Amino acid sequence: MNKAKYIIIIFFIMAYMNVLGQLQIGQIKKTFIDPGSENKPWVYWYIMDGNLNKAGITTGLEAMKKAGIGGVVFMEVDYGLEKGKVLFMSPEWRECFKYAVKEAERLGMEFTVGSGPGWAGSGGPWITAEESMLHLVSSSIVVNGAVDVMLPRPQPEPPYFGMESLDENMKKARDHFYKDVCVLAYPKTKMDQPIDHIKERALYIRRPYSSDDNALSNITMPSPADKISGDTGLSPEKMVDVSSYLQSDGRLVWKAPAGEWVVYRFGITTTGANTRPAPASGYGFECSKLDSSIFDDHFKNFHKKLIDDLGITVSNKKRAKGWNMLHIDSWEMGAQNWSYHFSQEFRKRRDYDMTPYLPAYSGQIVGNRLITERFLWDMRLTAQELMLENYAGHFKNLAHQYGMGLSIEPYDMNPASDLALGAVADVPMCEYWTSPSFITAYGCAEAVSVAHTNNKNIVAAESMTGGHAPVWTDNPGNMKGQVDWALAYGINRMAIHVAVFQPYLDRFPGMTLGGIGSFYNTTQTWWSLSNGWHKYLTRCQFLLRQGKPVADILFLNTEGAPVSFSPPVSAQAGTPVMPDRKGFNFDGCDPLNLIANADVKNGKIIFPGNMSYSILVLPNTEYMTPELLTKIDELIKKGATAIGFPPQKSPSLVNYPKCDEEVRVLVKKMWGNDNTPKKIGKGLLFPCSDKDTLNIESAPIHAFGQTPSIPPYIRYSSIEKVLHQMGLKEDFLCDKAFRYIHRKLDNGDVYFVSNTLDTGAIGCCTFRAKGKSVTLLNPMDGKEYAAKVLRTDGMTTTVKLQMEPNGSVFVMFDHRILSKKSLPDMTPELIVSKEIDTPWTVGFNPRFGGPVSATFNKLIDWSTSTSSNIKYYSGTAKYVTNITLTPSEIKGRTFLDLGTVEVVAGIKINGKDMGVVWKTPYRMETTGIWKSGNNTIEIEVANLWTNRLIGDQSLPESKRYTWTTCNPYNGTDQLRPSGLIGPVTIQKTDIK
């Protein structure tokens, strides 16, 4: 084949590939207008303790479907309301549940069921104390000579949520249940208990990091590692097992060798963890999280009964709709440090006998401090492995048998590594609040990191759990800012918290979850006008599932458990509630994932699914297992770039002390004797050793003012410097406070950009992308618009973005073909063509106190009306007027601008449904809709429930228009602006 023919063939191949690329991006743009139901947002759907019926099921699901909700997370809770008649898991309840699933299937909606009654954990009245989460507890006495003494029975730890969290039957069961494990004797030595936070270190408790001042985000090894000694503890070598001398009544009959001996009696008790906040008939102990056979008992008594009721059989195919997911929600069960086979599993996994070291559970030094801490590290790691295998992993396997997936929220009280637990899930989840009451953004970083490094395309979030204050004020307009933050942070499925089940079809606004959540009920005043908001979310979620996410920095988390991942403060901007990524994006990585799955390609660290990173940042810890350090060395040899501190020792007793020598030798080989960058194989290691000049930082301070005890990370600026040396530019830079996220397509790039400000802004944004065509996709209307490209340098492209208050846009880079389409401007310069000042006929709903009809010669704020029927009205009202337009007034591109709206408005012009406007500016394009002559405008407006709730407080209960389980207002509270306030104008672009 001659050279000319070869060039022609290559040309046609490239042209063909260009066509394929254009088809792919073209299909994305086409689907973006109206994505499928699998991309829709979800809601948490809470049933309030027995308040359940079929009529409410149908009404609720149909209202959700019509508004654009794609799925529900179904849970039943008890939150102090009057109990309903349909008891949890009764035959009537199970029939209602079956009906709900069938209704979801009929409507094409997805349906998720929690892991147990309540919103946390897996358990119920079918779990006995013997099957519950277990602690190893102990008592001790000092003896000498011939012994015939009653050993104190070890007492259970108090439940984390207090004895009041247990009913009388559970208290009796807790007090009664006890099983001996062993009795051990040691020659007496110094008997102090110098280990700090032993309750956490021995997994007796796991405080919620997001809400407890005393919580530790990570349980770390003591520092400095090279100065921990003090051989004053119990000698494991001199331990004597005297279990056979324990009598059935608890007496020890034993002839002790000469000297004083400390005798420990070890036994099993329940942790007291219970289902919460569970309905009365679902209240009981949490099942053991370390024993799969016990979890099977829970699954049989809850999920399997419901599965059988529905006739769901074992399947190799995922159920596309209806009940197709199981879910582990907030981990509020605390920790567990024992199971019936724990010591055997420990020996199998750690390769040594744990028995001599058991006094370490109580904080007693065994050997010396470092040996004791190493044992506790091994114990916690064993507990994590058993939990991941026998609880989360086993649960997922059971789910898969029936064509279902498993989602998990792994943050907060989880006694394992958050990243490791999240990695078990088919859909990792997180939770974010609208207020600083609970700062859980770190959990969002965890879920996103888990998804990216484990090839999981969907990252879900329990969204806006806190709700805006005061209550009943949430609406699409004030939710958008935080939702855009979540989208830009990497979340692409919102499960909005919370839609409370409404058993009464004639009571409004109805039941609530106390004052918690976003009051996202189908009884909201604006619910019938929420489709546009949900379509916005659907478009965003669809596009943020295309291609692969882009991140440059991989923060390696510390080994062991419990461990959370808190991103470095310096790598983020914004607020603790809504921290934004800087120009180089990042993820966290669990060490187990790095060891098992990481590789190197073209100088980048890659994971299955081709997620890649330019630099590996090591944790600032003095401890690292030889296995992890060896893996890091291998990655660098293959071409990876890493930066970090040299470890000193292994955290484990496994293969001790040889393990420490292995670490020392490998560190010497990798880091050398100075602080200069080291060439290792094809890669580079940037050492960090001088802590006085290292530019390190602590973890962020959480909501309650405590600085978590976790190793500091290298500052972002130091990492940024290395990335610049590698020739990388920031993925995104902007001269305004815009946030971003970047997805890499097969033949292009797409960025989501949102304005963090409540005011409009024009930003010059530089993207690390190039394209033969650059366009804007507007998630508000699904349309494509022209991009104003200012410059390109072959690696980056700078685009001028004019953003509305809290506005957002997708910037699409097509690598293949230059677009020949002439696209309109998304934010054109407008002038007022006509102000609409004709009288409006306004129809209200008498059900909520409004007049059937009123005439507004001028638009007003309802709350300022002299008529109490309008002043206190809450709900929807329809405005109708007619206007006459001339040809010049409708020439060019036209827009209808409603001015001020409180809070949502649906528009019809000349009988054509134009959709809904739900945020500032309340403006909609109307090009081609107007006609010369007479035009009819209909605007349906919804306000909030607050004014009617305030007004009702001044009325006798029998004359009130509202009924709800949460009304904190009184008759003197300030009313909120409401209705179409205007001015309403027609605006156009043909500026002379």
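Described in the following lines is the structure provided in the data block. Every chain is numbered independently, its residues counted from 1 as its sequence is written. In keeping with the model being predicted, local features are shown solely for residues with a pLDDT of at least 70 and side-chain atom pairs are shown and tallied solely at 80 or more, while totals for entire chains, interfaces and linings include all residues. With hydrogens and water stripped out, all remaining heavy atoms of the structure feed into the side-chain values.

### Thoughts on the overall build of the protein
Only runs of H or I of at least four residues qualify as helices and only runs of E of at least two qualify as strands under DSSP, and these elements are numbered from the N terminus. From N to C terminus, the protein includes 19 helices and 53 strands. The globule rule used for comparison is 2.2 Å times the number of residues to the exponent 0.38, while the radius of gyration itself is calculated over C-alpha atoms. Here the protein has a C-alpha radius of gyration of 32 Å; the compact-globule value for 992 residues is 30 Å, and the two agree. Based on the C-alpha atoms only, the size of the protein along its principal axes is roughly 110 × 90 × 55 Å. Residues classed as buried in the protein amount to 61% of the 992 residues present. Two residues form a contact once any of their heavy atoms are found within 4.5 Å. In the protein, of all internal contacts separated by at least 6 residues, the share reaching a separation of at least 24 is 79%. Of the accessible surface of the protein, which amounts to about 37,200 Å², a share of 52% is contributed by carbon and sulfur atoms. Classification of residues uses two cut-offs on accessible area relative to the type maximum, computed with a 1.4 Å probe and protein chains only: under 20% is buried, over 50% is exposed, and between them is partly exposed. Per-residue and other accessible areas were derived by the Shrake-Rupley procedure at a 1.4 Å probe size, with only the shown protein chains allowed to occlude residues.

### Digging into the packing of aromatic side chains
Each aromatic pair joins two rings of Phe, Tyr and Trp (for Trp, the six-membered one) with centres within 6.5 Å, and gets the label stacked for planes under 30 degrees apart, edge-to-face for over 60, and tilted for any other angle. Going through the model one piece at a time under the given rule, you end up with 62 aromatic pairs. Here Tyr 264 and Phe 266 contribute two aromatic rings whose centre-to-centre distance is 5.8 Å and whose plane-to-plane angle is 15°, an arrangement assigned as stacked. Summarising the burial analysis for this pair, Tyr 264 and Phe 266 share the class buried. Over the face of the ring belonging to Trp 42 we find Arg 493, whose NZ or CZ atom lies 4.0 Å from the ring centre. When the NZ atom of lysine or the CZ atom of arginine is within 6 Å of a ring's centre and also within 35 degrees of its normal, the charge is said to sit over that ring.

### Focus on the pairing of strand E7 (residues 179–187)
With 8 bridges joining them, E7 and strand E10 (residues 261–270) adopt antiparallel strand pairing. Within E10, the position partnered with Asp 180 by the bridge is Gly 267. Across 2 bridges, E7 lies against strand E8 (residues 240–241) in antiparallel orientation. Within E8, the position partnered with Ala 185 by the bridge is Val 240. What makes two strands pair is DSSP finding at least two bridges between them.

### Overview of the nonpolar core
Nonpolar cores are built from buried Ala, Val, Leu, Ile, Met, Phe, Trp, Tyr and Cys residues. Side-chain atoms within 4.5 Å join them into one set. Counting 172 residues, the largest nonpolar core has Phe 111, Trp 323, Tyr 361 and Phe 375 as the members making the most contacts within it. With 13 residues, helix H9 (residues 369–401) is the single largest residue contributor to this core.

### What to know about the packing of helix H2 (residues 54–67) against helix H3 (residues 91–107)
Running from N to C, H2 and H3 cross one another at 25°; their axes reach a closest spacing of 10 Å. When the interaxial angle is binned, H2 and H3 end up roughly parallel. Remark: the crossing between H2 and H3 carries right-handed chirality. Packed against H2, whose contacting residues are Lys 54, Ile 57, Thr 58, Leu 61, Glu 62 and Lys 65, the element H3 presents Glu 95, Cys 96, Tyr 99, Ala 100, Glu 103, Ala 104, Arg 106 and Leu 107 at the interface. Only C-alpha atoms enter the line fits that serve as axes; for helices the fit covers just the stretch in contact. Angles between N-to-C directions range over 0 to 180 degrees. When an angle is under 35 degrees it counts as roughly parallel; over 145 it counts as roughly antiparallel; between 65 and 115 it counts as roughly perpendicular; any other value is oblique. Rotating anticlockwise by less than a right angle from the far helix to the near helix defines a left-handed crossing, while the corresponding clockwise rotation defines a right-handed one.

### Quick word on the packing of helix H8 (residues 342–350) against H9
At their nearest, the axes of H8 and H9 sit 10 Å apart, and the two run at 105° to each other. With respect to their mutual orientation, H8 and H9 come out roughly perpendicular. Taking contact as the criterion, the partners of Phe 342, Glu 345, Phe 346, Arg 349 and Arg 350 in H8 are, on H9, Phe 375, Asp 378, Met 379, Leu 381, Thr 382, Ala 383, Glu 385, Leu 386 and Glu 389.

### Let's talk about the state of the cysteines
Cysteine sulfur atoms that come within 2.5 Å of each other are treated as a disulfide pair. This structure, assessed with the given rule, holds 0 disulfides. As a non-bridged cysteine, Cys 540 has Cys 430 as the owner of its nearest cysteine sulfur, 16 Å distant.

### Description of the pattern of salt bridges
In the sections that follow, a salt bridge refers to a side-chain nitrogen of Lys or Arg positioned within 4 Å of a carboxyl oxygen of Asp or Glu. Under the defined criterion, the tally for this structure stands at 48 salt bridges. Among the salt bridges present, the one from Lys 83 reaches Asp 49, with a minimum N-O distance of 3.6 Å. Here the residue Lys 83 occupies a position in the loop between strand E2 (71–77) and H3, and Asp 49 occupies one in the loop between strand E1 (42–48) and H2, the gap between them amounting to 34 residues. Looking at Asp 49, the relative accessible area reads 5%, which means it is buried. Beyond isolated ion pairs, a larger network of salt bridges with shared partners links Glu 345, Lys 348, Arg 349, Arg 350, Glu 385 and Glu 389.

Just geometry here; none of it tells us what the structure is for.
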